[in-house]
Amino acid sequence: MDAYPDRSNLVEYVEDDRKRFLLHYGEGFLFERLPKGTRVIFPPPPFPGIRDVAQAIDNATEHPMECDPLSAQLRPGMKVTIVFDDISLTLPPLPKPDVRQIAIELLVKKLAAVGIDDIHLIGAIGLHRRMTPGELKSMLGARVYSQFHASGRLYNHDSEDHENLELLGVTEEGEHVELNRRAVESDLVIYVNLNLTSMDGGHKSLSTGISSYRSVYHHHNPQTLAHTRSLMDPRHSQLHSSLGRMGRIVNEHLNVFHIETTFNTSTFPTIFPFLQKREDDWSALDSINFHANRISAATLPRGLIRSIFHSMRASYAMTSVQAGKTDPVHRSTLDNIYRQQLVPIDGQCDILIAGTPYLGPYNVNSILNPLLVHCLMLGYMFNMYRNKPLVREGGVLILAHPMEYKFHAEHHPSYIELFERVLPETRDPQTIYERYEPELAANPKYLEMYRHGYAFHGVHGAYMWYWGAHALQHLAKVIVLKPQDARAVEAARRMGFDTAATMPEAVEKAQSVVGSNASITNFHWPPIFVCDVR
């Protein structure tokens with residue numbers, strides 16, 4: 001950690017139990033007292049961003065890592081495919097113009113300058129829902145959209161279009177490596193990546209983004225995810241080990257040029273400055289702003305509040321861009337992410353308290369349903385660590401969320417079946433994987449909605465449950481703080497969670513499991529950050 005900034009000032013212990021802290025509460029906020037002695041861990045402040053993003057991307061492509069400059073690789077008549085991350089990144093969406101737009105406009109200009117016109121742009125959705133034309137246009141800008149979409153050269157990947165998938169090989173562990181045929185047959189594949197967490201990028205980009213269910217099956221399963229320590233530490237992640245094996249086969253068959261970018265922790269719009277500050281640093285205006293928004297979110301119709309929250313754009317700034325071969329590029333990316341996000345922490349806690357933000361990777365312009373709350377908190381938040389989880393084995397997680405019992409029927413149809421039919425029968429990820437995943441993955445209705453509508457793949461709901469496999473094994477209890485109504489309590493219990501109407505009740509229930517002298521930590525997120533727990 002010597003090479004990283006001193007972050008000791010980001011840890012605070014509650015000395016006055018009358019002091020209140022902000023907890024994200026879905027599309028709203030709580031303002032709660034925490035027990036005296038609670039350790040509160042705050043996210044690192046944002047690094048300065050790069051002022052001229054286009055120039056930085058151009059410089060990276062002309063000074064790449066372990067390969068020739070991009071311009072030196074181009075020749076007239078080449079077949080080139082540009083693949084780009086989907087709307088699951090960033091969270092919230094980037095301010096306009098999106099970095100993907102800036103990068104792709106630059107790349108198209110470079111390709112055109114040497115007489116390359118066989119160019120396809122593919123959204124790397126993997127098993128996510130397709131992006132709508134409006135979402136593609138918003139992400140890539142009107143110029144790129146009009147140039148490529150009408151001619152059928154800008155589209156979403158289809159993981160079930162078997163005529164347009166090609167099996168490249170099988171790893172030494174028996175993992176099928178199957179990718180989009182257009183990319184496989186291209187002379188050059190350029191991947192435009194946005195890295196918000198250390199989980200993303202590298203070999204994960206192609207081997208999930210433009211692969212098939214047959215490929216993803218090998219690493220998105222309970223066995224792999226239960227033994228991943230953690231998702232944010234590729235060195236100790238079975239998920240990333242599998243992706244690395246697949247990536248070596250990809251590199252044998254494809255000429256891939258990666259462009260990876262990282263961002264600072266400036267997560268929220270500038271009109272909400274209180275969300276970027278500690279409570280102690282709020283001005284009087286910040287306090288008024290916060291309480292006005294807290295009360296509005298609690299009283300206005302849910303649909304209106306949801307539309308307001310989903311219209312927000314982050315104020316992220318790009319902090320690095322690196323280009324070239326996959327492995328050296330990603331090593332540099334990880335270093336830049338950790339430099340911004342890593343906070344050294346001494347020791348685990350018995351009880352972990354965390355708010356739940358309104359947005360995860362799979363509910364952009366949609367609903368954070370109970371399965372997505374499970375994935376966001378037991379999958380992603382729990383995994384925001386290196387070395388050891390922030391909460392000890394046998395500890396308790398208290399998560400704040402209204403737990404609205406509601407699903408988006410167009411985006412998450414198979415989630416509904418999993419929640420209504422499967423979870424009442426079993427919550428065991430391995431049983432779901434063996435008994436139910438095959439039928440969910442092959443269900444013709446779900447396949448049709450994934451391929452031609454805007455639904456996540458039929459298996460994706462099960463993945464949301466698997467994503468918490470490690471946390472489910474590790475934690476003794478999960479308590480949902482302030483479920484909004486009886487149906488929310490029902491949803492929490494369906495997932496095996498307890499509930500509490502107040503913070504004191506939640507803490508008392510947690511202490512009944514881990515003892516009255518339990519150590520308590522509040523993970524004060526978002527912005528996203530990672531605890532390096534010693």
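All values reported here derive from a predicted model rather than from experimental measurement.

About the cut-offs
Residues numbered from 1 in each chain as written. Predicted model: local features only at pLDDT ≥ 70, side-chain atom pairs only at ≥ 80, totals over all residues. Heavy atoms only, no water. Axes fitted to C-alpha atoms, helices over the stretch in contact; angles between N-to-C directions. Helix = DSSP H or I, 4+ residues; strand = E, 2+ residues; numbered from the N terminus. Parallel < 35°, antiparallel > 145°, perpendicular 65-115°, else oblique. Left-handed = near helix turned anticlockwise from the far one by under 90°. Contact = heavy atoms within 4.5 Å. Nonpolar A, V, L, I, M, F, W, Y, C, P; charged D, E, K, R; others polar. Salt bridge = Lys/Arg side-chain N within 4 Å of Asp/Glu carboxyl O. Buried < 20%, exposed > 50% of the residue type's maximum accessible area, 1.4 Å probe, protein only. Disulfide = S-S within 2.5 Å. Pairing = 2+ DSSP bridges. Phe/Tyr/Trp six-rings, centres within 6.5 Å; stacked < 30°, edge-to-face > 60°. Lys NZ or Arg CZ within 6 Å of the ring centre and 35° of its normal.

## Quick look at the packing of helix 1 (residues 53-62) against helix 3 (residues 99-113)
Part 1 of the reasoning: Packing of helix 1 against helix 3 brings their axes to within 10 Å, and their N-to-C directions diverge by 50 degrees. The angle between the axes of helix 1 and helix 3 places the two elements in the oblique class. Relative to helix 3, the crossing made by helix 1 is right-handed. For the pair formed by helix 1 and helix 3, the contact residues are Val53, Ala54, Ile57, Asp58, Thr61 and Glu62 on the first element and Val99, Ile102, Ala103, Leu106 and Lys110 on the second.
Part 2 of the reasoning: Its residues assigned to classes, the contact of helix 1 with helix 3 shows seven nonpolar, one polar and three charged.

## Re the pattern of salt bridges
Part 1 of the reasoning: Per the stated rule, a full pass over the model turns up 35 salt bridges.
Part 2 of the reasoning: Salt-bridge contacts for Lys110 lead to Asp58; the nearest nitrogen and oxygen are separated by 2.8 Å. Of this pair, Lys110 sits in helix 3 while Asp58 sits in helix 1; the two residues are 52 residues apart in sequence, bridging distant segments of the chain.
Part 3 of the reasoning: Asp350 is paired through a salt bridge with Arg392; the nearest N and O atoms lie 2.6 Å apart. Here Asp350 is found in strand 14 (residues 349-357), whereas its partner Arg392 is found in strand 16 (residues 391-400), with 42 residues between them in sequence.
Part 4 of the reasoning: The partly exposed category is assigned to Arg392, whose relative accessible area is 27%.

## A closer look at the state of the cysteines
Part 1 of the reasoning: Applying the stated criterion across every chain, the model contains zero disulfides.
Part 2 of the reasoning: Take Cys375: it sits in no disulfide, and the sulfur closest to it among the cysteines is that of Cys531, at 19 Å.
Part 3 of the reasoning: Note on Cys375: relative accessible area 1%, which makes it buried.
Part 4 of the reasoning: The structure places no disulfide on Cys531, whose sulfur is separated from the nearest cysteine sulfur, that of Cys349, by 9.3 Å.

## Topic: the packing of helix 13 (residues 370-381) against helix 14 (residues 413-422)
Part 1 of the reasoning: Axis separation between helix 13 and helix 14 bottoms out at 9 Å; the angle between their running directions is 90 degrees. One element, helix 13, and the other, helix 14, form an angle in the roughly perpendicular class. Taken together, the residues of helix 14 that come into contact with helix 13 (itself represented by Pro370, Leu371 and Leu372) are Tyr415, Leu418 and Phe419.
Part 2 of the reasoning: Within the contact of helix 13 with helix 14, the residues separate by chemical class into six nonpolar, no polar and no charged.

## Re the pairing of strand 10 (residues 188-195)
Part 1 of the reasoning: Burial analysis of strand 10 places eight of its eight residues in the buried class, which makes it a mostly covered element.
Part 2 of the reasoning: Where strand 10 lies against strand 11 (residues 256-263), seven bridges are found, and the strand directions are parallel. Opposite Val192, over in strand 11, you have Ile259 as the bridge partner.

## Considerations on unusual backbone geometry
Part 1 of the reasoning: For the peptide bond that leads from Trp525 to Pro526, omega is -20 degrees, which places it in the cis range.
Part 2 of the reasoning: Following the sequence through the fold, Pro526 ends up in the loop between strand 19 (520-523) and strand 20 (530-533).
Part 3 of the reasoning: Residues Pro526 and Pro527 are joined by a peptide bond in cis, for which omega reads 5 degrees.
Part 4 of the reasoning: Secondary-structure assignment places Pro527 in the loop between strand 19 and strand 20.
Part 5 of the reasoning: Even without being a glycine, Asn365 presents a positive backbone phi close to 60 degrees.
Part 6 of the reasoning: Exposure remark for Asn365: the relative accessible area of 41% places this residue in the partly exposed category.
Part 7 of the reasoning: Positive phi values are uncommon outside glycine, yet Lys482 reaches one of about 60 degrees.
Part 8 of the reasoning: Relative to the helices and strands, Lys482 resides in the loop between strand 17 (477-481) and helix 19 (486-494).
Part 9 of the reasoning: Relative accessible area serves as the criterion here: at 24%, Lys482 is assigned to the partly exposed category.

## Considerations on the packing of aromatic side chains
Part 1 of the reasoning: Enumeration according to the criterion identifies 24 aromatic pairs in this entry.
Part 2 of the reasoning: With 5.0 Å between their ring centres and 70 degrees between their planes, Phe309 and Tyr358 make a pair best called edge-to-face. Taken together, the residues Phe309 in helix 11 (residues 302-310) and Tyr358 in the loop between strand 14 and helix 13 connect sequence positions 49 residues apart.
Part 3 of the reasoning: Here Tyr358 falls in the buried class, since its relative accessible area comes to 6%.
Part 4 of the reasoning: Relative to Trp525, the ring of Phe523 lies with its centre 5.9 Å away and its plane at 40 degrees, an arrangement referred to as tilted.
Part 5 of the reasoning: Note on Phe523: relative accessible area 1%, which makes it buried.
Part 6 of the reasoning: Taken together, the ring pairs connect Phe29, Phe31, Phe272, Phe274, Trp282, Phe290, Phe309 and Tyr358 into an aromatic cluster.
Part 7 of the reasoning: A cation over a ring is seen here: Arg386 above Tyr338, with NZ or CZ 4.5 Å from the ring centre.
Part 8 of the reasoning: Over the aromatic face of Tyr405 sits the side chain of Arg487, whose NZ or CZ is 3.8 Å from the ring centroid.

Distances and angles like these do not, on their own, reveal function.
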